[in-house]
Amino acid sequence: MAGQEKNGIVIIGAGQAGAQAVMSLRAEGYEGPIRLIGEEAEPPYQRPPLSKKFLAGEIGFDRVELKPAEFYEQSGCELILGTRVTRIEREAHLVHTGDGRAIGYDKLLIATGSRVREINVPGFDLPGVHYLRTVGDVREVQTHFHAGAKLVVVGGGYIGLEVAAVAKKNGMDVTVLETADRVMARVVDPIVSHFYQRIHAEEGVKIRTGETVAGFEGKGKVESVVTGEGEKFPCDFVVVGVGILPNVELAQEAGLHVENGIVVDECTQTSDPDICAAGDCTNHPNGVYGRRLRLESVQNAIEQGKTAAACLTGKAKPYSQVPWFWSDQYDLKLQIAGLSTGYTQAVTRGDPDHARSFAVFYLKDGVLVAVDAVNRAPEFMMARQLIAKHAKLDPARLRDETINMKEIEKA
Amino acid sequence: MAKVTFIEHNGKEHTVEVADGLTLMEGATKNMVPGIDADCGGACACATCMVFVPEEWLAKLPAKEDMEETMLDFCEHSEANSRLSCQIKVTKELDGIRVTMPESQH
Ligand SMILES: Cc1cc2nc3c(=O)[nH]c(=O)nc-3n(C[C@H](O)[C@H](O)[C@H](O)COP(=O)(O)OP(=O)(O)OC[C@H]3O[C@@H](n4cnc5c(N)ncnc54)[C@H](O)[C@@H]3O)c2cc1C
Ligand code: FES
């Protein structure tokens, strides 16, 4: 067993959570070997800009990568890129890679993130049909980015709408097809959906809700998107954003407990004491809400990366926070704190029908559980604190814009 | 290019060279300066990139936009001389600037 000590910590997945774990492991004082194995060719980078400034060409990869190459050298972390882990052999404490290597570990972190959900309709493999998850995806999409080009976005979630906004700003003709009766239906109240539909319409993006995509057509490349009703939307290219699937297969095949994500405790430990998991791929308990969650956000990846680093070095730093998220479309910054699931009342502050800034508070039996804030930092920042302490708030005061957010809790 | 000194809460100094056009925040994160988390990567969405700026430098910085102003106003540890370092573009006018970081960004 003594020889195994040298194996140190192996991290599968060189993304947001994996990179955070490297930084936090060294900050925790861990001095042993770290190996960070990633399937993509690039060192760890941030994904949010992929549907925002990086897609728009406003910033290059140097401003998207999380840390410069020297960081990994200085941290004594071996970066093994372009390499897929194909199997975890728990008894032998080994991970096997696609190129036939077997790498030993004392402790393992699974930070495999998620992948895009593909749509399986006729013509799905035609050139010009793209998804958006990686830098590689963006580079392909950018080959179609010319003023005047016709883009059909399939899916009216954050990513689809962010892509639509960037394409519109770059002079493209953009149509968004959404199956539900409103955009972002999975996460926000109809008030917010309708606000974004109005804004996109004003900016000249066509949003069609209640449209199911039945197929893609074209000779040698995609030329139109066909809906269930048989309507055809001509296009030069397509970006599909219909959700993600957590990358749990490695964990599952290794016999770890997997159920809507890799099941971990509040310290990110899996059902194997030598294996932790962090980021998009986990199903974890959240103390604020008293239930299990699977989240897709930078905050979750960072905080779980930190917690995992502690856990892997034998310390308990439980992760329990008010989830938060943001989305940039045009000049609008949407900041979301908390989870609105199960709310009993939505209270609006500001005028979403005419203005470009407002907030919606979600109350459950009077207690604040979430906020959606558009260009409203005070509401977002204050709500983060109030949600954490389960504040009971008066809807009339929340609605009253003459009351400063700092005073909102007073009776 | 500007020389920027980041001072940790415990007094430890880090002096780095930052290229024009990058933000002060990037000057720290790209040079492995601890103390600036920058969770949102510069989107002015998280307020985990706060720095304290001495008076003589405050006036030389570009004015705060609304979003930065209000984020700071509601940030638990912010002071009158706080700025979000991701909102400050580095120019040669900032050569020699010294900023202090809070004990924790969370
Ligand atoms: C376009 C886009 C925009 C987004 N915008 C926002 C936003 O505005 N705000 C926000 O909070 N969040 C946003 N997100 C979500 C956020 O980026 C993710 O939640 C975050 O990246 C999750 O981090 P992670 O480390 O869990 O996974 P990832 O960052 O996805 O990293 C996982 C890595 O593991 C690798 N991997 C997987 N399986 C294997 C294997 N078997 N072997 C080796 N490597 C493997 C993958 O290739 C990948 O590089 C966005 C995501 C996308 C795609
Ligand atoms: S990095 Fe998030 S606000 Fe500056």
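Quick caveat, the model's predicted, so the values are computed rather than measured.

> Tell me about the overall build of chain A, residues and numbers included.
Of regular secondary structure, chain A possesses nine helices and 26 strands. Taking 22 Å as the expected radius of gyration for a compact globule of 411 residues, we find that chain A reaches 23 Å, a close match to that expectation. Along the first, second and third principal axes, the C-alpha set of chain A runs to 70 × 65 × 35 Å. Within chain A, the proportion of its 411 residues that are buried is 56%. Taking the contacts inside chain A whose residues are at least 6 apart along the sequence as the reference set, 60% of them involve residues at least 24 apart. One way to put it: in chain A the 46 positive side-chain charges average out to a point 3 Å from where the 55 negative ones average out.

> For the overall build of chain B, give the residues involved together with the corresponding values.
Helices and strands together make up the secondary structure of chain B, namely three helices and five strands. Starting at the N terminus and ending at the C terminus, chain B contains elements arranged as β-β-α-β-α-α-β-β. The C-alpha atoms of chain B give 12 Å as radius of gyration, which agrees with the globular expectation for 106 residues (13 Å, within 12%). Overall, chain B is about 30 × 25 × 25 Å in size when its C-alpha atoms are taken along their principal axes. In chain B, buried positions account for 52% of the 106 residues. In chain B, 63% of the contacts between residues at least 6 apart in sequence involve partners at least 24 apart. Of the roughly 4800 Å² of accessible surface on chain B, 47% is carried by carbon and sulfur atoms. Taken together, the 9 basic and 19 acidic charged side chains of chain B have centroids lying 8 Å from each other.

> Give a detailed account of the packing of aromatic side chains, specifying residues and quantitative values.
Within this structure, the stated rule accounts for nine aromatic pairs over all chains. Between Y158(A) and F325(A) the ring centres are 4.6 Å apart and the planes differ by 40°, which places this aromatic pair in the tilted class. Placement of the pair is Y158(A) in helix α4 (residues 158-169) and F325(A) in strand β22 (residues 324-329), with a sequence separation of 167 residues. With relative accessibility at 16%, the residue Y158(A) sits in the buried group. What links up through ring pairs into an aromatic cluster is the set F195(A), Y196(A) and F358(A). We note K67(A) situated over the ring of F71(A); from NZ or CZ to the ring centre the distance is 5.7 Å. In this structure, K60(B) is placed above the aromatic ring of W57(B), and the distance from its NZ or CZ to the ring centre is 4.5 Å.

> Could you give an account of the packing of helix α1 (residues 16-27) of chain A against helix α7 (residues 298-312) of chain A, naming the residues involved and the relevant values?
Residues and elements named next belong to chain A. Following both chains from N to C, one finds α1 and α7 inclined at 40°, their axes separated by 8 Å at the closest point. Relative to α7, the element α1 lies oblique. As for how α1 packs across α7, the hand of that crossing is right-handed. Residues Q16, A17, Q20, A21, S24 and L25 of α1 pack against V298, A301, I302, G305, K306, A309 and L312 of α7. The residue makeup of the contact of α1 with α7, split by class, is eight nonpolar, four polar and one charged.

> Describe the packing of helix α8 (residues 377-388) of chain A against helix α3 (residues 66-73) of chain B, with residues and values.
The relative placement of two packed helices comes down to the angle between their axes together with the axis-to-axis distance. Two elements in contact, α8(A) and α3(B), have axes separated by 8 Å at closest approach and are oriented at 25°. Classified by the interaxial angle, the pair formed by α8(A) and α3(B) is roughly parallel. Here α8(A) runs over α3(B); the crossing is right-handed. Every residue of α3(B) that contacts α8(A) at A377(A), P378(A) and M381(A) is listed here: M67(B), T70(B) and M71(B).

> With reference to specific residues and values, describe the site of ligand 1.
All names here are of chain A. Around ligand 1 there are 33 residues in total, and A17, E40, K52, R133 and D280 lie nearest to it. Within the backbone of Q16, a nitrogen or oxygen atom sits 3.2 Å from an oxygen atom of ligand 1. One of the side-chain N or O atoms of R47 is found 2.9 Å from an oxygen atom in ligand 1. Bound to the protein, ligand 1 loses 96% of the 1000 Å² it would expose on its own. Those elements that place two or more of their residues in the shell around ligand 1 are α1, α7 and β22. Within the shell around ligand 1, the residues separate by chemical class into 14 nonpolar, eleven polar and eight charged. Counting only domains with at least three residues in the shell around ligand 1, you end up with domain 1 (9-115 + 245-312) and domain 2 (129-242).

> So what about the interface of chain A and chain B? Which residues, and what values?
Interface size is commonly expressed as the accessible surface area that is lost when the partners come together. Taken residue by residue, the interface counts 28 residues in chain A and 24 residues in chain B. Regarding the contact of chain A and chain B, the summed buried area is about 2100 Å², with carbon and sulfur atoms giving 58% of it. Across the contact surface, chain A and chain B share two salt bridges. For the salt bridge of D73(B) with K406(A), the shortest nitrogen-to-oxygen distance reads 2.8 Å.

> Mind laying out the domain arrangement of chain A, listing which residues take part and the relevant values?
Residues and elements named next belong to chain A. Each assigned domain of chain A is listed here: domain 1 (9-115 + 245-312), domain 2 (129-242) and domain 3 (331-407). One C-alpha centre belongs to domain 1, the other to domain 2, and the line joining them spans 30 Å. Summed over both partners, the interface of domain 1 with domain 2 comes to about 1300 Å²; 56% of that surface belongs to carbon and sulfur atoms. Ionic pairing is found between E162 and K52, a salt bridge with its closest N-O pair at 3.2 Å. Connecting domain 1 to domain 2 are eight residue pairs in polar contact (both at pLDDT 80 or more).

> So what about α1(A)? Which residues, and what values?
Residues and elements named next belong to chain A. The end-to-end C-alpha distance of α1, which contains twelve residues, comes to 17 Å, matching closely the 16 Å that a straight helix rising 1.5 Å per residue would cover. The buried fraction of α1 is high, at nine of twelve residues. Packed against the buried residues of α1 are β1 (9-12), β2 (34-37), α2 (69-74), β3 (77-80), β7 (107-110) and α7.

> If you had to explain the pattern of salt bridges to someone new, which residues and values would you point to?
Residue and element names in this part refer to chain A. Inspection of the entire model under this criterion finds 35 salt bridges over all chains. K315 serves as the salt-bridge partner of E28, at 2.6 Å between the closest nitrogen and oxygen. Placement of E28 in the loop between α1 and β2 and of K315 in the loop between α7 and β22 is noted, with a sequence separation of 287 residues between them. E28 gets classed as buried once you look at its relative accessible area, which sits at 19%. For the salt bridge of R84 with E39, the shortest nitrogen-to-oxygen distance reads 2.9 Å. With a gap of 45 residues between them, R84 in the loop between β3 and β4 (85-89) and E39 in the loop between β2 and α2 connect regions that are remote in the sequence. Its relative accessible area of 51% is what places E39 among the exposed residues.

Quick notes on the rules
Residues numbered from 1 in each chain as written. Chains lettered and ligands numbered in written order. Predicted model: local features only at pLDDT ≥ 70, side-chain atom pairs only at ≥ 80, totals over all residues. Heavy atoms only, no water. Helix = DSSP H or I, 4+ residues; strand = E, 2+ residues; numbered from the N terminus. Rg over C-alpha atoms; globule rule 2.2 N^0.38 Å. Buried < 20%, exposed > 50% of the residue type's maximum accessible area, 1.4 Å probe, protein only. Contact = heavy atoms within 4.5 Å. Lys, Arg positive; Asp, Glu negative; His and termini not counted. Charge placed at Lys NZ, Arg CZ, Asp CG, Glu CD. Areas by Shrake-Rupley, 256 points an atom, 1.4 Å probe, with all protein chains shown as cover. Phe/Tyr/Trp six-rings, centres within 6.5 Å; stacked < 30°, edge-to-face > 60°. Lys NZ or Arg CZ within 6 Å of the ring centre and 35° of its normal. Axes fitted to C-alpha atoms, helices over the stretch in contact; angles between N-to-C directions. Parallel < 35°, antiparallel > 145°, perpendicular 65-115°, else oblique. Left-handed = near helix turned anticlockwise from the far one by under 90°. Nonpolar A, V, L, I, M, F, W, Y, C, P; charged D, E, K, R; others polar. Near = heavy atom within 4 Å. Polar contact = N/O pair within 3.5 Å; in protein donor to acceptor, adjacent residues only side chain to side chain. Domains from an automatic or database assignment. Buried area = accessible area lost by both parts, 1.4 Å probe. Salt bridge = Lys/Arg side-chain N within 4 Å of Asp/Glu carboxyl O. Expected span 1.5 Å × (residues − 1).

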